[in-house]
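One letter stands for each residue in the lines below.
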Amino acid sequence: MITQISKINKESIEQAKEILLSGGVIGMPTETVYGLAAVGTNSEAVKKIYKIKGRPSDNPLICHVHKDYDISKLVLVKNDYVYKLMKKFMPGPLTIVCDSLGVICKEAVCGGDTLAIRMPSHKGCQELLRAVDMPIVAPSANLSKHTSPVTAKHVYDDLNGKIPLILDGGKCQGGIESTVLDCTTKVPRILRAGLITKEMIESVCGGCEIAEHKEGDKVKSPGVKYTHYKPKCDTILFSINEVDKAIKLYDEELKKGRKPYIMCENSLSDKLKGKNLLLLGNTGEEIASNLYDKLLEGEKKADIIIAISFGREDGVYMGIMNRLTRSCN
Ligand code: AMP
Ligand code: MG
């Protein structure tokens, strides 16, 4: 199969719609990462997603709808805070998990009784969702375990020959996946941290818990238990207090004739002058936006990415650290 990359416009949206409505799978941009999309009511199409990615069959998919879609067709909303969250953060990088009405096929929810729903804010993605006017399920458009794609070229690098079309909507601004929030409980619970932070959710709902996954627990958001986000080169993570250790390793790697790159925030660039660097930016939003892009740049250039963390785990750093630690283990 030839994989075509097309800039988003009227014609390519029409082409994407035809492929989706006839049971095909395509790459689509969102404001977080690129998604691998299929119509959520079509079991055969959904099975293709799992096959193409090599995704474990117990890891459910997020359902994407346009901003005027009536979600009461798909889920039962038990808690009123959901409407407040929708008003404030949707469309945007927030995924809400509610009780499923069973419209989306069982393959997409892995036989579970809940459904994760999101309304992407990416303009081109909204246009596609509106044109199709069907719930579209989509995990990130990478091979399972690999780093998530934030450009059409990243999708192509992983899935060339496996899908007919990638809609090119530019580089994803958000850069890490949506916050997944369990809204079936009295107080909402974060299942996966992301750009909509605990603090932002608390400011709307009064409270917000964080799901802790202890060994032996029945994992409520299966995706968090898997190895994930790994670039193809070696990776290692140091804390911000271990910069000297990171430099020592960098020098040892050079001596061995290997090519190391240090990945860190911009404020360390003076101290690390003259070294191969993958700079992530200054703020949490910039770091999130650049994280996967720099990991994927690094896997092409480096034998080892030596990452240095930021000394913070609050706000958007919670989502960043969740991705960074798992891409470096
Ligand atoms: P991905 O689309 O690859 O970024 O992964 C989607 C994430 O959402 C994974 O961590 C899934 O486990 C999680 N997810 C999807 N559907 C549900 C659901 N019904 N309940 C809980 N978590 C879900
Ligand atoms: Mg993923």
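See the structure shown above.
Bear in mind the structure is a predicted one, so any value in this text is a computation, not a measurement.

Colleague: Just to check I follow, could you spell out the sheet that holds strand 14 (residues 260-264) for this structure?
Modeller: Across a sheet, strands are paired by hydrogen bonds formed along the backbone, either parallel or antiparallel in direction. Strand order across the open sheet formed by four strands is 13-16-14-15, with parallel pairing between neighbours. In this open sheet, the two edge strands, each paired with only one partner strand, are strand 13 (234-238) and strand 15 (277-279). Pairs of neighbouring strands in the sheet enclose a mean axial angle of 20 degrees, with direction left out of account. Two elements, strand 14 and strand 15, share three bridges in a ladder whose sense is parallel. Bridging across to strand 15, Met263 finds its partner in Leu278.

Colleague: Got a minute to help me understand the side chain of Ser100 in this structure?
Modeller: Tracing the backbone shows Ser100 in strand 6 (residues 94-100). Engagement of the side chain of Ser100 in a polar contact is seen with the backbone nitrogen of Gly102, the distance being 3.0 Å.

Colleague: Help me understand a nonpolar patch on the surface in this model?
Modeller: Where nonpolar side chains cluster on the molecular surface, the patch consists of Leu76, Leu101 and Val103 and spans about 260 Å² of accessible area. Assignment of secondary structure puts Leu101 in the loop between strand 6 and helix 4 (106-109).

Colleague: Is there a simple way to think about the packing of helix 3 (residues 81-89) against helix 7 (residues 198-205) in this case?
Modeller: One can describe the packing of helix 3 onto helix 7 by two numbers: an axis separation of 9 Å at closest approach and a directional angle of 125 degrees. For the element pair helix 3 / helix 7, the angle class is oblique. In this structure, helix 3 crosses over helix 7, and the sense of that crossing is right-handed. Contacts from Tyr81, Lys84, Leu85, Lys88 and Phe89 of helix 3 reach helix 7 at Met200, Ile201, Val204 and Cys205. Of the residues contributing to the contact of helix 3 with helix 7, the split by class is seven nonpolar, no polar and two charged.

Colleague: It is not clear to me how unusual backbone geometry should be interpreted in this structure. Could you clarify?
Modeller: Only a minority of non-glycine residues have a phi that is not negative, and only a minority of peptide bonds are not trans. Here the residue pair Met90 and Pro91 is connected by a cis peptide bond, since its omega of 5 degrees sits within 30 degrees of zero. The phi dihedral of Cys110 falls on the positive side, at around 55 degrees, and the residue is not glycine. Its location among the elements puts Cys110 in the loop between helix 4 and strand 7 (114-118). Backbone geometry at Lys145 places phi at a positive 85 degrees, although glycine is not the residue there. Structurally, the position occupied by Lys145 is in the loop between strand 8 (136-137) and helix 6 (152-159).

Colleague: Just to check I follow, could you spell out the nonpolar core for this structure?
Modeller: Note that soluble globular proteins tend to have their nonpolar side chains buried in a common cluster. Ile71, Leu74, Leu85, Ile96 and Met263 are the most contacted members of the largest nonpolar core, which has 74 residues in total. Ranked by size, the runner-up nonpolar core spans 16 residues in total, among them Ala16, Met28, Val132 and Ala138.

Colleague: Help me out: how do you make sense of helix 5 (residues 123-132) in this one?
Modeller: Because an α-helix completes one turn every 3.6 residues, residues spaced three or four positions apart along the sequence face the same direction. Gly124, Cys125, Gln126, Leu128, Leu129 and Val132 are the residues of helix 5 that are buried. Phi for Asp133, located one or two positions after helix 5, is positive at around 50 degrees.

Colleague: Can you help me understand the pattern of salt bridges in this one?
Modeller: If charged atoms from side chains of opposite charge come close, those side chains can pair. A complete count under the given rule lists 22 salt bridges for this structure. For Asp168, the salt bridge is made with Lys7, and the minimal N-O distance between the two is 3.3 Å. Separated by 161 residues along the polypeptide, Asp168 in strand 9 (residues 165-168) and Lys7 in strand 1 (residues 4-7) bring together distant segments of the chain. A relative accessible area of 18% places Asp168 in the buried class. We classify Lys7 as exposed; its relative accessible area is 59%.

Criteria and cut-off values
Residues numbered from 1 in each chain as written. Chains lettered and ligands numbered in written order. Predicted model: local features only at pLDDT ≥ 70, side-chain atom pairs only at ≥ 80, totals over all residues. Heavy atoms only, no water. Pairing = 2+ DSSP bridges. Helix = DSSP H or I, 4+ residues; strand = E, 2+ residues; numbered from the N terminus. Axes fitted to C-alpha atoms, helices over the stretch in contact; angles between N-to-C directions. Polar contact = N/O pair within 3.5 Å; in protein donor to acceptor, adjacent residues only side chain to side chain. Patch = residues over 30% accessible without salt bridge, like charges linked within 9 Å, V, L, I, M, F, W, Y side chains within 5 Å. Areas by Shrake-Rupley, 256 points an atom, 1.4 Å probe, with all protein chains shown as cover. Salt bridge = Lys/Arg side-chain N within 4 Å of Asp/Glu carboxyl O. Parallel < 35°, antiparallel > 145°, perpendicular 65-115°, else oblique. Left-handed = near helix turned anticlockwise from the far one by under 90°. Contact = heavy atoms within 4.5 Å. Nonpolar A, V, L, I, M, F, W, Y, C, P; charged D, E, K, R; others polar. Core = buried A, V, L, I, M, F, W, Y, C linked by side-chain atoms within 4.5 Å. Buried < 20%, exposed > 50% of the residue type's maximum accessible area, 1.4 Å probe, protein only.

Read these as geometric descriptors, not functional statements.
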